[in-house]
Amino acid sequence: MAATDTPELAAFRAEAREWLATNFPASLKGRAAIMVNLNVETDEPDFLAWKRAMGAKGWGVPTWPKAYGGGGLSKDEARVLSQEMVKIGAFSPIGGMGVMMFGPTLLEYGTEAQKQRFMPGIVNGTTRWCQGFSEPGAGSDLASLATRCEDKGDHYLVNGQKIWTSGGQYADWIFCLVRTDTTRKHEGISFLVFDMKSPGVEVRPIQLISGNSPFCETFFTDVKVPKDQLVGPLNGGWSIAKRLLQFERQSLSGAGGGTGGGTARFGAPDLERMVDKYVGRDEAGRVADADLRQRLIAHHMEARAFALTLSRAAAEAKSGSGPSAATSIMKNVGAKIAQDRAELSMEMMGHQGLGWEGEGFNAYELGMVRGWLGGKAVTIYGGSTEIQNNIVAKRMLGLLDHQ
Amino acid sequence: MAVLSEEQTILRDSAREWVKDKAPVQALRKLRDSGAAFGYDPALYAEMAAMGWAGIVVPEAYGGSEFGYLSLGLVLEETGRTLVASPLVSSALGAASALMLGGTAAQKEAWLPKIASGDAVATLAIEEGPRHEPLSTALAASRTGSGFTLNGTKSFVPDGMAADVFIVAARSSGKPGEAAGISLFLVPADARGVTRTALKLMDSRGAAVIAFDGVAVGEEALIGAPDKGFEVLEPALDRVRAGLAAEMLGTALQAFETTIDYLKVRVQFGQTLGSFQALQHRAAKMFTELELTRSCVEAALSAIDTGTNDIRELASLAKARANETLHLISNEMVQMHGGIGMTDAHDAGLYLKRARAAEAAYGNAAYHRERFGRLHGF
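Throughout this document, residue positions are counted from 1 along each chain, in the order its sequence is written. Throughout, the order in which chains and ligands are written sets their labels, letters from A for the former and numbers from 1 for the latter. Totals for whole chains, interfaces and linings use every residue, but because this is a predicted model, local features are given only for residues with pLDDT of at least 70 and side-chain atom pairs only at 80 or more, for both listing and counting. Hydrogen atoms and water are omitted, and side-chain values are computed over all heavy atoms in the structure.

A.B. asks: Explain the overall build of chain B to me, please; I cannot follow it from the model alone.
C.D. replies: Starting at the N terminus, helices and strands are each numbered in turn, a helix being any DSSP run of H or I of at least four residues and a strand any DSSP run of E of at least two. In terms of regular secondary structure, chain B is built from 11 helices and 10 strands. The globule rule puts the C-alpha radius of gyration for 378 residues at 21 Å, and the 21 Å found for chain B is close to it. For every residue, the accessible area obtained with a 1.4 Å probe (protein chains only) is divided by the maximum for its type, and the residue is called buried under 20%, exposed over 50%, and partly exposed between those limits. When burial is assessed residue by residue, chain B has 59% of its 378 residues classed as buried. The contact definition used throughout considers only heavy atoms, calling two residues in contact when any of these lie within 4.5 Å. In chain B, the share of contacts with a sequence separation of at least 24, taken over all contacts with a separation of at least 6, comes to 74%. Of the roughly 14100 Å² of accessible surface on chain B, 55% is carried by carbon and sulfur atoms. Taken together, the 36 basic and 44 acidic charged side chains of chain B have centroids lying 5 Å from each other. We compute the radius of gyration over the C-alpha atoms and compare it with the globule rule, which gives 2.2 Å times the number of residues raised to the power 0.38. Shrake-Rupley sampling with a 1.4 Å probe provides the accessible areas, and residues are treated as covered by the protein chains on show and by no other component. His is not counted here, nor are the chain ends, while Lys and Arg score as positive and Asp and Glu score as negative. Charge positions come from single atoms, namely NZ of Lys, CZ of Arg, CG of Asp or CD of Glu.

A.B. asks: Whenever I open this one, the interface of chain B and chain A confuses me. Can you help?
C.D. replies: Contacts between the two partners involve 41 residues from chain B and, on the opposite side, 41 residues from chain A. Summing both partners gives a buried area of about 3400 Å² for chain B against chain A, and 61% of it is carried by carbon and sulfur. Joining two parts hides part of their accessible area as seen by a 1.4 Å probe, and the buried area is that hidden amount summed over both. Summed over the three residues of chain B that lose the most area to chain A, namely F287(B), L292(B) and F378(B), the buried surface amounts to 22% of that side. The salt bridge criterion pairs a side-chain nitrogen of Lys or Arg with a carboxyl oxygen of Asp or Glu, the two atoms within 4 Å. Where chain B touches chain A, the interface holds 5 salt bridges. Here E370(B) ties to R293(A) by a salt bridge, and the two come within 2.9 Å at their closest N and O atoms. Within 3.5 Å is the distance limit for a polar contact, defined as a pair of N or O atoms, with the added protein rule that one can donate a hydrogen and the other accept it, and that residues adjacent in sequence qualify only through two side-chain atoms. The tally of links between chain B and chain A comes to 18 residue pairs in polar contact (both at pLDDT 80 or more). Only helix 7 (230–265), helix 8 (277–306), helix 9 (311–337) and helix 11 (365–375) of chain B provide two or more residues apiece to the side of chain B that touches chain A. In terms of residue count, helix 8 of chain B provides more of the side of chain B that touches chain A than any other element does, 14 residues in total. Here the residues of the side of chain B that touches chain A are counted per class, giving 18 nonpolar, 13 polar and 10 charged. Gly falls in the polar group here, along with every residue not listed as nonpolar (Ala, Val, Leu, Ile, Met, Phe, Trp, Tyr, Cys, Pro) or charged (Asp, Glu, Lys, Arg).

A.B. asks: Just checking my understanding: could you explain the pairing of strand 4 (residues 165–171) of chain B for this structure?
C.D. replies: Residues in a regular strand point their side chains to alternate faces of the sheet. All names here are of chain B. Most of strand 4 is tucked away, with 7 of its 7 residues classed as buried. Of the two faces of strand 4, both are covered, the one formed by V165, I167, A169 and R171 as well as the one formed by F166, V168 and A170. Note that strand 1 (residues 122–125) and strand 4 share 4 bridges and pair parallel. Bridge pairing links A125 to V168 in strand 4. Pairing between two strands requires that DSSP report at least two bridges joining them.

A.B. asks: Please explain the domain arrangement of chain B as it appears in this structure.
C.D. replies: One widely used convention gives an interface's size as the accessible area the parts lose upon coming together. Residues and elements named next belong to chain B. Parsing chain B into structural domains produces domain 1 (6–120), domain 2 (123–227) and domain 3 (231–375). For domain 1 versus domain 2, the distance between C-alpha centres works out to 23 Å. Each partner contributes residues to the interface: domain 1 has 25 residues there, and domain 2 has 20 residues. Summed over both sides, the interface between domain 1 and domain 2 buries roughly 1600 Å², with carbon and sulfur atoms accounting for 61% of that surface. Among the residues domain 1 hides against domain 2, the three largest losses belong to S90, Q107 and W111. Together they make up 28% of the total. These domain limits were set by an automatic method or by a database of domain assignments.

A.B. asks: What is the right way to look at the environment of T293(B) in this model?
C.D. replies: Residues and elements named next belong to chain B. Along the chain, T293 turns up in helix 8. The class of T293 is buried, set by a relative accessible area of 1%. The sequence separation of T293 and D347 amounts to 54 residues, and the corresponding C-alpha distance is 23 Å. Apart from the residues within four sequence positions on either side, T293 is in contact with L249, R321, A322 and T325. A polar contact is formed between the side chain of T293 and the backbone oxygen of E289, at a distance of 2.7 Å.

A.B. asks: In this structure, what is going on with the nonpolar core? I would like to understand it.
C.D. replies: By convention a nonpolar core is built from buried Ala, Val, Leu, Ile, Met, Phe, Trp, Tyr and Cys residues, the set being connected through side-chain atoms within 4.5 Å. By size, the foremost hydrophobic cluster in this structure holds 159 residues, and its most contacted members are L150(B), F185(B) and V187(B). For this core, the element with the most residues is helix 7 of chain B, which contributes 19 residues. What F185(B) contacts, discounting residues up to four positions off in sequence, is A141(B), F148(B), L150(B), F166(B), I167(B), V168(B), A170(B), V217(B), A221(B) and L222(B). If you look at the next biggest cluster of nonpolar residues, it comprises 51 residues, including L106(A), L107(A), L142(A) and L244(A).

A.B. asks: Sorry if this is basic, but what is going on with the domain arrangement of chain A here?
C.D. replies: Taken domain by domain, chain A comprises domain 1 (8–94), domain 2 (128–236) and domain 3 (254–396). One C-alpha centre belongs to domain 1 of chain A, the other to domain 2 of chain A; they are set 32 Å apart.

A.B. asks: Any chance you could explain the packing of helix 9 (residues 290–318) of chain A against helix 9 of chain B here in plain terms?
C.D. replies: Angle between the axes and distance between the axes are the two parameters that describe a pair of packed helices. Running from N to C, helix 9 of chain A and helix 9 of chain B point in directions that differ by 100°, and their axes come no closer than 11 Å. Between helix 9 of chain A and helix 9 of chain B, the angle is such that the two are roughly perpendicular. Contacts from M301(A), E302(A), R304(A), A305(A) and L308(A) of helix 9 of chain A reach helix 9 of chain B at E313(B), L314(B), S316(B), L317(B), A320(B) and R321(B). Considered class by class, the residues forming the contact of helix 9 of chain A with helix 9 of chain B number 6 nonpolar, 1 polar and 4 charged. For every element, the axis is a line fit to its C-alpha atoms; helices are fit only across the contacting stretch, and the angle between N-to-C directions ranges from 0 to 180 degrees. Throughout, the term roughly parallel applies to angles under 35 degrees, roughly antiparallel to angles over 145, roughly perpendicular to angles from 65 to 115, and oblique to all others.

A.B. asks: Hey, could you run me through helix 6 (residues 105–117) of chain B in this one?
C.D. replies: Every α-helix winds through 3.6 residues per turn, so residues three or four apart in the chain are directed the same way. Residues and elements named next belong to chain B. To estimate the expected span of a helix, count its residues, drop one, and scale the result by 1.5 Å. Compared with the 18 Å implied by 1.5 Å per residue over 13 residues, the 18 Å span of helix 6 between its first and last C-alpha is a close match. A residue's bend is the angle separating two fitted axes: one through the seven residues that end there, the other through the seven that start there. Along its length, helix 6 reaches its greatest deviation from straightness, about 30°, at W111, and the proline P113 lies no more than four positions downstream. Where helix 6 is concerned, the buried positions are Q107, K108, W111, L112, I115 and A116. Those residues of helix 6 hidden inside the fold are in contact with helix 3 (42–50), helix 5 (88–102), strand 1, strand 4, strand 5 (182–188) and strand 8 (222–223). Count one or two residues on from helix 6 and you reach G118, which has phi positive near 85°.

A.B. asks: In this structure, what is going on with the packing of aromatic side chains? I would like to understand it.
C.D. replies: Residue and element names in this part refer to chain A. Here is the rule: rings of Phe, Tyr and Trp (six-membered ring for Trp) pair when centre to centre is within 6.5 Å. Planes less than 30 degrees apart are stacked, more than 60 are edge-to-face, and the remainder are tilted. Here the structure, examined in full by the defined rule, presents 24 aromatic pairs over all chains. Aromatic pair W129 and F175: ring centres 6.4 Å apart, planes at 40°, arrangement tilted. Of this pair, W129 sits in strand 1 (residues 129–132) while F175 sits in strand 4 (residues 173–179), and the two are 46 residues apart along the sequence. For W129, a relative accessible area of 4% puts it in the buried group. Relative accessible area serves as the criterion here: at 0%, F175 is assigned to the buried category. Arranged with centres 6.0 Å apart and planes meeting at 90°, the rings of F133 and F175 form a pair that is edge-to-face.

A.B. asks: Before we go on, may I ask you to explain the pattern of salt bridges in this structure?
C.D. replies: A side chain of one charge can pair with a side chain of the opposite charge if their charged atoms are brought near each other. Residue and element names in this part refer to chain A. Throughout the structure, instances matching the rule amount to 54 salt bridges over all chains. Across the salt bridge formed by D151 and K227, the nearest N and O atoms sit 2.7 Å from each other. Of this pair, D151 sits in strand 2 (residues 148–151) while K227 sits in the loop between strand 7 (215–226) and strand 8 (230–231), placing them 76 residues apart in sequence. Here D340 makes a salt bridge to K336, at a shortest N to O gap of 2.7 Å. Here D340 and its partner K336 are both found in helix 10 (residues 327–349), 4 residues apart, which amounts to about one turn of the helix.

A.B. asks: What is the right way to look at the pairing of strand 7 of chain A in this model?
C.D. replies: All names here are of chain A. Across 10 bridges, strand 3 (residues 155–166) lies against strand 7 in antiparallel orientation. What sits directly across from Y156, in strand 7, is V225. Inspection of the sheet shows strand 6 (residues 201–206) paired to strand 7 by 6 bridges, in the antiparallel sense. Among the inter-strand pairings, E202 is bridged to a residue of strand 7, identified as F219.

A.B. asks: For this particular structure, what's the right way to read the environment of A299(B)?
C.D. replies: All names here are of chain B. With respect to the secondary-structure elements, A299 resides in helix 8. Overall, A299 belongs to the buried group, its relative accessible area being 17%. Residues A299 and Y45, spaced 254 residues apart in sequence, show a C-alpha to C-alpha distance of 28 Å.

A.B. asks: I'm lost on the confidence of the model for chain A in this one. Help?
C.D. replies: In regions of low pLDDT, the predicted coordinates are not meant to be interpreted in detail. You can read pLDDT as the predictor saying how much it trusts each residue, on a scale of 0 to 100. This prediction gives chain A a mean pLDDT of 89; 91% of its residues lie at or above 70. Summarising per-element confidence for chain A, the mean pLDDT is lowest in helix 2 (residues 32–35) of chain A (59) and highest in strand 5 (residues 189–195) of chain A (98).

A.B. asks: Can you walk me through helix 5 (residues 96–109) of chain A in this structure?
C.D. replies: All names here are of chain A. Between the first and last C-alpha of helix 5 there are 19 Å, a value that for 14 residues agrees with the 20 Å anticipated at 1.5 Å per step. Of all the bends in helix 5, the greatest, near 45°, is centred on F102, and the proline P104 appears no more than four residues after it. M97, G98, V99, M100, M101, F102, G103, P104, T105, L106 and L107 are the residues of helix 5 that are buried.

Written out as structure tokens, the structure is:
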């Protein structure tokens, strides 16, 4: 038991520990990074059993209400659960955009019928959701989106194109921003959900510079959507989208303790080990490349400052004084640190960091190259660095646009 | 902002009120123009001490409130906002910490109550060269029959003209660059052979060169064991670094807020300056640095209070970050104010000057990055 546990928390800790010991398969220990991946569907029996157990218990979404299949835990209990899971190398098998973004949004804006219908699939991890926000003509200026949604009496008809649909080729359902009024910008957007198997939905994976295809183009041609799949009021989708993007930022920064794990995960996990392997040290034990050494130290300090800021924000949020001002900077800082780390790793590997595939390079080196390239997306998606800076300037500092 | 206790919130709020009321930037300007040798207003410091601020880290047994370093940091953040000149860092934080960490019972009884009440000012006399490098201590401490004789010079001693007593780092053995062989001595300012010369610094605070010419001190003047003074000095310096970083955070915050306010009212091309994206993103950058710095400063102060084993790296992280953040913001303050920021009538220049003085004190950013790197095996 931790020194700070109340008797109630201590009892919960014991309960959680016992349940985890019974249900978490030892074969999965420490394999979170491999198992919980948007683009990999594993059918290992142990994984499926673990997913079923966690889904039934509601502990994949520990703080969500029990009425919708969540764990119904307090924040403190959820923290204890997470601590106990880390202790034994366990991880939540239930994640993705349903958990990180759509679920919390639906809890706030959905009708009772919509919650009863969609929450079980999220809570059990059986429905995979994708996000239909960005369009070819609507990136940072998201509200200029043009995918048309027309009222056809007994259904909506959707025509248009989405892009950067993460995991679109694997998704079962999509939550989507559509234009229901062409005469107004923000006030003409609605929030619609539909089945990706609907006639007229076509998904084309996009090959990225890393060689992977985590994103898709998604085309809609006369897609019929039942009217009870509109979330929130007609033309009221923009507020819902903004709320959902807050959840996204939270999970991208790692601030929400979400399954995203934070953007700081790109690049080498242990820079010091890389120094020994690729760079070497002088007689005094210092990194042999003096210039690189300075930048490694500065990077290390930046990462520490970020980690301290994450825990400060968590402590402030827990104290009930509202969300910390620090959360507004986290996406940018986390993304920058992740990219710097990948760049430093590439620099240290030198020619060993130039391999694309095949002989002459080990799996770690090849993985680093792909990770470095893939990581360039973190300062673009989820609101680019520039958009985040706009948000800080306007919302935190009160600096207005040109009038 | 760290999660504060009710008492800490009251302390922070009362400091904020007092500073606004009694010690606005105008007070520093007046001090500067009066040319006072002390480098602070003794009447103001007496008020601060009367509120208990000089005894915040001092144990109750010695007249303090034992309220902790994070609490003192809260006060320093507020005094930093308006550049309040006082011996709070030199005496109530630095010297008090050294005495608490290594002083004998007699030394503590003699000085801590007076430091806590503000009746005495004590200060660390460390520097000998242009840059902070405590290991380079060379001022000679030669053994005599009854104690030691001190010969040498200390420079940039904060509040050196006002101090009643110095805590002097001296070399009793070994050579400059080594930690072993440094001893700490408590030397009254009126000891025979001590002469002091005022330095006029650009931040208008008090500093002095202190010459020690055959100053005789007894064994009872030693703080900590002979030759092992660095074991007391290093943790004392880390406490000063963390506290000064809190003061610098306050200075940076005020410089930032003053600048943002100006961006909201200054109109050019028919638009407020703050509506130009080039400036908005620089403002966002400063805001980001301030948030990160606050996390580091509060973590360092809390680590001191709870006695964790990472105080050294956190103190270096806090001081390095405070240095870099204040450096950036003090420059941006002048640049974003444009011509008016170059005038003596505007406060920007006062913040810029104080920024550089505080950056140099107890280790600049390069010093602390290097120290952090060594601690982490780079």
